[in-house]
Amino acid sequence: MPLHFPGDLVRAQREWLAVYRQLALPRPRHTIALRRRLQDLSGQVLWHPFWSTPPGRIPAARVELRRLAHRQERRGTRAA
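Residues numbered from 1 in each chain as written. Predicted model: local features only at pLDDT ≥ 70, side-chain atom pairs only at ≥ 80, totals over all residues. Heavy atoms only, no water.

This part takes up unusual backbone geometry. Even without a glycine there, the phi angle at arginine 27 is positive, about 50 degrees. Along the polypeptide, arginine 27 turns up in the loop between helix H1 (7-24) and helix H2 (31-46). Its identity as a non-glycine residue notwithstanding, histidine 30 has a phi of 60 degrees, on the positive side. Along the chain, histidine 30 turns up in the loop between H1 and H2. Exposure remark for histidine 30: the relative accessible area of 58% places this residue in the exposed category. (Helix = DSSP H or I, 4+ residues; strand = E, 2+ residues; numbered from the N terminus. Buried < 20%, exposed > 50% of the residue type's maximum accessible area, 1.4 Å probe, protein only.)

Structure (structure tokens):
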């Protein structure tokens with residue numbers, strides 16, 4: 001049974017991936033701002049209320065969220 005993640009959680013995870021990629025570039029610009037944004041997004045993902053629900057307590061849910069975000073980026077979609 002596939003998990004249904006809240007849209008704001010998926011958006012935060014996708015943005016986290018995008019910021020992380022920017023920081024991984026050789027000689028990224030605006031490093032301090034990117035690191036701060038990455039920390040903020042990490043908090044949004046980590047402390048999202050979804051993780052206190054029964055579906056969020058499934059150990060593999062965090063991995064599935066990352067996989068979903070990667071799939072959506074490859075397809076260029078936004079929907080959760």
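Okay, back to it.
In the contact formed by H1 and H2, the axes pass within 9 Å of each other and the chain directions differ by 150 degrees. Classed by the angle they form, the pair H1 and H2 counts as roughly antiparallel. Both H1 and H2 take part in a crossing whose hand is left-handed. Residues Leu9, Ala12, Gln13, Glu15, Trp16, Val19, Tyr20, Gln22 and Leu23 of H1 touch H2, and the partners they reach there are Thr31, Leu34, Arg35, Arg37, Leu38, Leu41, Ser42, Gln44 and Val45. Of the residues contributing to the contact of H1 with H2, the split by class is ten nonpolar, five polar and three charged. (Axes fitted to C-alpha atoms, helices over the stretch in contact; angles between N-to-C directions. Parallel < 35°, antiparallel > 145°, perpendicular 65-115°, else oblique. Left-handed = near helix turned anticlockwise from the far one by under 90°. Contact = heavy atoms within 4.5 Å. Nonpolar A, V, L, I, M, F, W, Y, C, P; charged D, E, K, R; others polar.)

Another point: the nonpolar core. If you look at the biggest cluster of nonpolar residues, it comprises 14 residues, and the most contacted ones within it are Phe5, Leu9, Trp51 and Leu65. For this core, the elements supplying multiple residues, two or more each, are H1, H2 and helix H3 (61-75). (Core = buried A, V, L, I, M, F, W, Y, C linked by side-chain atoms within 4.5 Å.)

The final tally for this structure, using the stated rule, is four salt bridges. A salt bridge links glutamate 73 to arginine 21, with the nearest nitrogen and oxygen atoms 2.6 Å apart. With glutamate 73 in helix H3 and arginine 21 in helix H1, the pair connects residues that are 52 residues apart, well separated along the chain. Residue class for glutamate 73 comes out partly exposed when judged on its relative accessible area of 24%. Under the relative-accessibility criterion, arginine 21 is labelled partly exposed at 40%. Among the salt bridges present, the one from glutamate 64 reaches arginine 71, with a minimum N-O distance of 3.0 Å. Overall, the relative accessible area of 24% leaves glutamate 64 in the partly exposed class. The exposure class of arginine 71 is partly exposed, given its relative accessible area of 30%. Linked through salt bridges whose partners overlap, the residues forming this network are Glu15, Arg37 and Asp40. (Salt bridge = Lys/Arg side-chain N within 4 Å of Asp/Glu carboxyl O.)

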